[in-house]
Structures are given as structure tokens and as C-alpha cells.
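A look at the structure
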Amino acid sequence: MKGSFVVALVSSLVACSEGLITYIELDAGDGGGSPDAGADAGDEDADVPSTDGVVDCDFQCLGDCAPFRPGDFSLPVLAYIGPDDGTAPGCPDTAPVEQFIWHDGIQIPPKPCGPCSCGPSTGACSLPSSITAHAAPCTPPEGTIATPTNPPEAWEGSCTAEGAIPEGLACGGSLPCVQSITIGPLAITDELCVPVDGAESPTQSPTVPTWGTIARVCEGSAFGQCLADEHCVPAPVGDYHQCVQRLGIHDCPAEEYTVRHVLFEGFQDERVCTPCTCGTPSGSYCKANLSFYPDGSCSEAPLTASASSLKSTCFDVNPSGQAIAAKSATVPTYHAGICQASGGELSGDVQLLGPRTLCCRP
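This one's a predicted model, so the numbers in the text were calculated from it and none came from an experiment. (Residues numbered from 1 in each chain as written. Predicted model: local features only at pLDDT ≥ 70, side-chain atom pairs only at ≥ 80, totals over all residues. Heavy atoms only, no water.)

One key point about sheets: their strands pair by backbone hydrogen bonds, in either a parallel or an antiparallel sense. The strand order across the open sheet built from 4 strands is β7-β6-β10-β21, with neighbouring strands paired in antiparallel fashion. Both outer strands of the open sheet, β7 (146-148) and β21 (313-316), are each paired with one neighbouring strand and no more. Averaged over neighbouring strand pairs, the angle between their axes works out to 25 degrees when direction is ignored. In terms of strand pairing, strand β6 (residues 131-134) meets β7 through 3 bridges, oriented antiparallel. Each residue of the ladder has a partner; that of His134, found in β7, is Ala146. (Pairing = 2+ DSSP bridges. Helix = DSSP H or I, 4+ residues; strand = E, 2+ residues; numbered from the N terminus. Axes fitted to C-alpha atoms, helices over the stretch in contact; angles between N-to-C directions.)

Here the focus is empty space enclosed by the protein. The probe, sized like a water molecule, is rolled over the atoms to show the empty space still left. Scanning the entire structure with this criterion turns up 1 cavity of 30 Å³ or more. Approximately 50 Å³ is the volume found for the largest cavity. What lines the largest cavity is a set of 10 residues, and nearest its centre among them are Pro76, Val77, Leu78, Val233 and Pro234. Elements with a contribution of two residues or more to the lining of the largest cavity: β2 (77-83) and β13 (210-219). Partitioned by chemical class, the residues of the lining of the largest cavity number 8 nonpolar, 1 polar and 1 charged. (1 Å grid on protein atoms, 1.4 Å probe; cavity = no way out; pocket = protein on both sides within 12 Å on 5 of 7 lines; lining within 4 Å. Points joined across faces, edges and corners; volume = space filled by probe spheres on them. Nonpolar A, V, L, I, M, F, W, Y, C, P; charged D, E, K, R; others polar.)

Taken residue by residue, the protein gives an average pLDDT of 85. The fraction at 70 or more is 82%. In this model residues 1-56 is a low-confidence stretch, pLDDT under 50, and it forms 60 contacts with partners more than four residues away in sequence or in other chains. (pLDDT = per-residue confidence, 0-100. Contact = heavy atoms within 4.5 Å.)

Here we come to the state of the cysteines. One pass over the structure, following the stated rule, counts 13 disulfides. Through a disulfide, Cys171 is tied to Cys177; the S-S separation comes to 1.7 Å. Between Cys171 and Cys177 the sulfur-sulfur dihedral comes to about 105 degrees; the bridge is accordingly right-handed. What pairs with Cys193 in a disulfide is Cys339, and their sulfur atoms sit 1.9 Å apart. (Disulfide = S-S within 2.5 Å.)

What follows is about the side chain of Ser309. When you line up the elements, Ser309 lands in the loop between β20 (303-308) and β21. The exposure class of Ser309 is buried, given its relative accessible area of 17%. A polar contact is formed between the side chain of Ser309 and the backbone nitrogen of Cys286, at a distance of 2.9 Å. Beyond its immediate sequence surroundings of up to four residues, Ser309 is in contact with Pro185, Leu186, Ile188, Tyr285 and Cys286. (Buried < 20%, exposed > 50% of the residue type's maximum accessible area, 1.4 Å probe, protein only. Polar contact = N/O pair within 3.5 Å; in protein donor to acceptor, adjacent residues only side chain to side chain.)

The next thing to look at is the environment of Phe68. Locating Phe68 in the fold gives a position in the loop between β1 (64-67) and β2. Judged by relative accessible area, Phe68 falls into the partly exposed class, the value being 35%. For the pair formed by Phe68 and Val244, sequence separation is 176 residues and the distance between their alpha carbons is 9.5 Å.

Spelled out as C-alpha cells, the structure:
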């Protein structure tokens, strides 16, 4: 029976101490290829080789006697190295166990970044906090007497009699205190531009790296007698070669396994586009109209002036000496500016992971 044959075979292999036995494969199939395949299945002795007490150690390697493992490299395996285009053959029947899939020849397509841009600026406006009457026309010389007529804190433009100046008020003797009015600049707050990323178009080519070369490493079984410095391994078949491998990047042995391939287990794409940012807005401003009334209820005809955030505004009062009994303002409007865009630049690289050295027989 098959079991008796295996026991006898293993006993014979153990007895052959001078030969190097490796990769023993026990066929559990239908026995095809056995010299006794035609014997009666019921006859146990038909499947058991007779030794008559004598062990024949002259059995040949059923694969190929390849040079033994060099240095810290692995035992010989079968490996295919070729284009990574989906045509790589599977592991051969003599080495059916796929151990590893490695790659080389990484192809890194460009990764588009940007262009970055900035939308129009946005912001909020607040009315001026300082309004001053001067005892001289615009622009008042240094040393001119100033009379504040400031609005309330956080003024929103409603009619207010705060800081009123009566009609005919004199400064420095007989000079009218109200000959000109200087309105301080409006304030801009919460101003910014929103960055716009140059997003990749769905119609653009993929930006994920791919491999140009694939290595399929397969392990199989063979047994038989080889020289002491050789190993019985599956023979090369098709595009598969006998190779040894080692983790890391190394030189190949000087003899036998001389064809060197450096391969990688994978990659990590660390390329990123730097964020789009916007600088400080320029060209933006706030604007409002202010009115000054001779009465405290803002009902009589006013003096009206336009003010902005760009600078202080001065206008002459004619006739001078008029009362500033109350004041009001329109809701200020924000006029957008522009921002300088930056960022959207490619940073980082593609890192190759898990280097392997594969050394093959020519």
C-alpha cells in the first residue's frame, strides 16, 4: 500500500547519510508515474520496494541540483521577473506555493497642485469713533483749537445728541469753534479672503504610482541525491529561474547566483499639495455718509459728508460757527479688495518600502 511505500522510502532516505536530502514531497495522488502503477492495488508488496536488507543510496534528484544557499541568502526558490502588465504566469506545478510578490520600476505620474486663487475679500465695517470740530478751515494748522463731538461708543448711526456743540461757540477769544469738521476713518474688522484650491479634474490621468516590474517568488518540493554543496530543488521552467533572496539591498554572490534584482514590497506616496492661503486684503474699504444737524432731533437740514476707512475726512463749515446739535450716519458698506494667493505646491516624495535582493542563476 502507499503508506508502506512511504515508510520504506523515508527509511531509505534516512539511511543515506552521505547524500543531501531536501524538499521531500509525498505524493497523495493516484500514483501516476510510479514504477509499480500497474500492479494489483490489493497487493501490498507490489507498492513496497524490496531492499532485502540492502539500502540503495544511488537515487537521483528528481528536480535540479542547484548550488547551496550562499551566505545569509535563502534556500533556492523559483522566481519570475517580468513586466507588471497582468501577463505574469502563475507559479509552476513544480513550485506551486506563492511566497512573495515584489515589484520594481516604480512609475510616478505627476501630481498636479494648484493653482491657488483667492475669492474677493469680505469684512465688517464700523463707524468712526472720533469727530472733531476745529477753529480753522481744512486742513487745520498745528495748534488749532479742537473741540471733540464724538459719537457714542459702538455707534451704529442712529440720531444722537451726544457731544453736541452749541451755535456760535467761540474758541481763543472770538474765533468760531466750528469752522471745519474732521471725521476719523471708519474701521474694518474680520477681513479676509477665502482660498480656492485648484482641485484635480475627474478627467485627469490617475496620479497613483504604479509598478513596471513584478517578481513572483514560488516554492516547491523536490528530493534526491546531490553533491554536498548542492541542493535538490525544482528545475527552472518557462520564465522561472532559480534564485536566492535576502531582505535589504546587498551584492550578489560572486558565482552562480549572479543576476541581481533589487525589488520592493510596496511604496508609500507621501506627496501632498501645500494648502492654499491668502495674504492680507488690499484695495478694500468701508464707506458711509454722516450728517450733522443744527437741532437735537435730526429733523432740520443737515450738513452731510462722505467718510471712508482709507483716511480721515475734513470738510469746511460754511457759514462757520453753526451748531452741531446732533448727528447720524448711514449703515457703512464694505467694498471688497483682493488677496495674493500662495501655496498649492508639491511637497514630499514616494518612499519605496521593504527592499529585497533577489539573486538568480544566469
